[in-house]
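# A structural walkthrough
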Amino acid sequence: VQLQASGGGLVQAGGSLRLSCAASGRTFSTYRMGWFRQAPGKEREFVAAIGRGGSTYYADSVKGRFTLSRDNAKNTVYLQMNSLKPEDTAVYYCAASLAGWGLALEYDYWGQGTQVTVSS
């Protein structure tokens, strides 16, 4: 599975962005998909994940502000990010896993990352 993340950019605090992650291959629907982020000098952290049937799981820091969805017909997941805060600034990575949820080591495939910068 190859993953291509897009949609990052510069936005003011309180604004919104939508990240997309397009996957290659015909087995997309069998994977759980996750988003992680890494800020400079910090470890990669879990943001959100979505199961094969659409169930979702969010980090407490983004719950209520971010929404993760998937379109299996388009092999794409979308991370809608609202009410963005400066502390959301990071490189965002999408990832695919057959069995993982919130741990980076559980994910088998990773996209290249897209930068999100939130100005105050």
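Throughout what follows, the structure given in this document is the object of discussion. Since this is a predicted model, take the numbers as computed values, not measurements.

Conventions adopted
Residues numbered from 1 in each chain as written. Predicted model: local features only at pLDDT ≥ 70, side-chain atom pairs only at ≥ 80, totals over all residues. Heavy atoms only, no water. Helix = DSSP H or I, 4+ residues; strand = E, 2+ residues; numbered from the N terminus. Rg over C-alpha atoms; globule rule 2.2 N^0.38 Å. Buried < 20%, exposed > 50% of the residue type's maximum accessible area, 1.4 Å probe, protein only. Areas by Shrake-Rupley, 256 points an atom, 1.4 Å probe, with all protein chains shown as cover. Lys, Arg positive; Asp, Glu negative; His and termini not counted. Charge placed at Lys NZ, Arg CZ, Asp CG, Glu CD. Pairing = 2+ DSSP bridges. Axes fitted to C-alpha atoms, helices over the stretch in contact; angles between N-to-C directions. Disulfide = S-S within 2.5 Å.

### Concerning the overall build of the chain
- Counting its secondary structure elements, the chain contains zero helices and 11 strands.
- Across the chain, helices and strands are ordered from the amino to the carboxyl terminus as β-β-β-β-β-β-β-β-β-β-β.
- For the chain, whose C-alpha radius of gyration is 13 Å, the value lies close to the compact-globule estimate of 14 Å for 120 residues.
- Based on the C-alpha atoms only, the size of the chain along its principal axes is roughly 40 × 25 × 25 Å.
- The buried share of the chain, reckoned over its 120 residues, is 44%.
- Accessible area of the chain: about 6100 Å², with a carbon and sulfur share of 48%.
- Here the chain holds 12 positive side-chain charges and 8 negative ones, and the gap between their average locations is 7 Å.

### Observations concerning the sheet that holds strand β1 (residues 3-6)
- Taken in spatial order, the four strands of this open sheet run β1-β3-β8-β7, and their pairing is antiparallel. Each edge of the open sheet carries a strand with a single partner, namely β1 and β7 (66-71). Within this sheet the neighbouring strands show an average axis-to-axis angle of 15 degrees, counted without direction.

### Comments concerning the environment of Glu87
- Within the element layout of this structure, Glu87 appears in the loop between β8 (76-81) and β9 (90-97).
- For the pair Glu87 and Thr117, spaced 30 residues apart in the sequence, the C-alpha separation amounts to 9.0 Å.

### Topic: the state of the cysteines
- The final tally for this structure, using the stated rule, is one disulfide.
- In this model, Cys21 is linked to Cys94 through a disulfide, with the two sulfur atoms separated by 2.1 Å. Its S-S torsion of approximately 60 degrees makes the covalent link between Cys21 and Cys94 right-handed. Here Cys21 is found in strand β3 (residues 17-23), whereas its partner Cys94 is found in strand β9, with 73 residues between them in sequence. Cys94 carries the same exposure label as Cys21, and that label is buried.

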